[in-house]
Amino acid sequence: MKTNMDNRIALPELMYLSPTTREKAVTIAQELLRTNNISPREAVSKAILIAKNWAVKNVNRRVWKKLKSFEKEII
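Residues numbered from 1 in each chain as written. Predicted model: local features only at pLDDT ≥ 70, side-chain atom pairs only at ≥ 80, totals over all residues. Heavy atoms only, no water.

What about a positive patch on the surface?
Residues Lys57, Arg61, Arg62, Lys65 and Lys66 make up a contiguous surface patch of positive charge. When you line up the elements, Arg62 lands in helix α3 (residues 40–74). Residue class for Arg62 comes out exposed when judged on its relative accessible area of 51%. (Patch = residues over 30% accessible without salt bridge, like charges linked within 9 Å, V, L, I, M, F, W, Y side chains within 5 Å. Areas by Shrake-Rupley, 256 points an atom, 1.4 Å probe, with all protein chains shown as cover. Salt bridge = Lys/Arg side-chain N within 4 Å of Asp/Glu carboxyl O. Lys, Arg positive; Asp, Glu negative; His and termini not counted. Charge placed at Lys NZ, Arg CZ, Asp CG, Glu CD. Helix = DSSP H or I, 4+ residues; strand = E, 2+ residues; numbered from the N terminus. Buried < 20%, exposed > 50% of the residue type's maximum accessible area, 1.4 Å probe, protein only.)

Here you go:
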């Protein structure tokens, strides 16, 4: 069920994100709207950048762990 806050920040830019990253971006945007005096569009733009950065770090960490586990199996 979507809340009023979700409807305010539902922008096309969010649709290009993966479901997990989109959820993270919406959460961040909601927090930015609560704590800062910025427009919903600005909040979503900032949230998308933060969420994308989070996703890249998250994926890189997973890839690194897989590579390490493959390395241990080979040795």
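Quick look at helix α2 (residues 19–35)
For α2, with 17 residues, the first-to-last C-alpha span of 24 Å sits near the 24 Å given by 1.5 Å per residue. Along α2, the residues classified as buried are Thr21, Ala25, Val26, Ile28, Ala29, Gln30, Leu32 and Leu33. (Expected span 1.5 Å × (residues − 1).)

Considerations on the confidence of the model for the protein
Chain-level pLDDT for the protein is 81 on average; 85% of the residues reach the 70-or-more range. The lowest-confidence element of the protein is helix α1 (residues 4–8), averaging 48 in pLDDT; the highest-confidence one is α2, averaging 93. A low-confidence stretch, residues 1–8 (pLDDT under 50), is modelled with nine contacts involving residues beyond four sequence positions or located in other chains. (pLDDT = per-residue confidence, 0-100. Contact = heavy atoms within 4.5 Å.)

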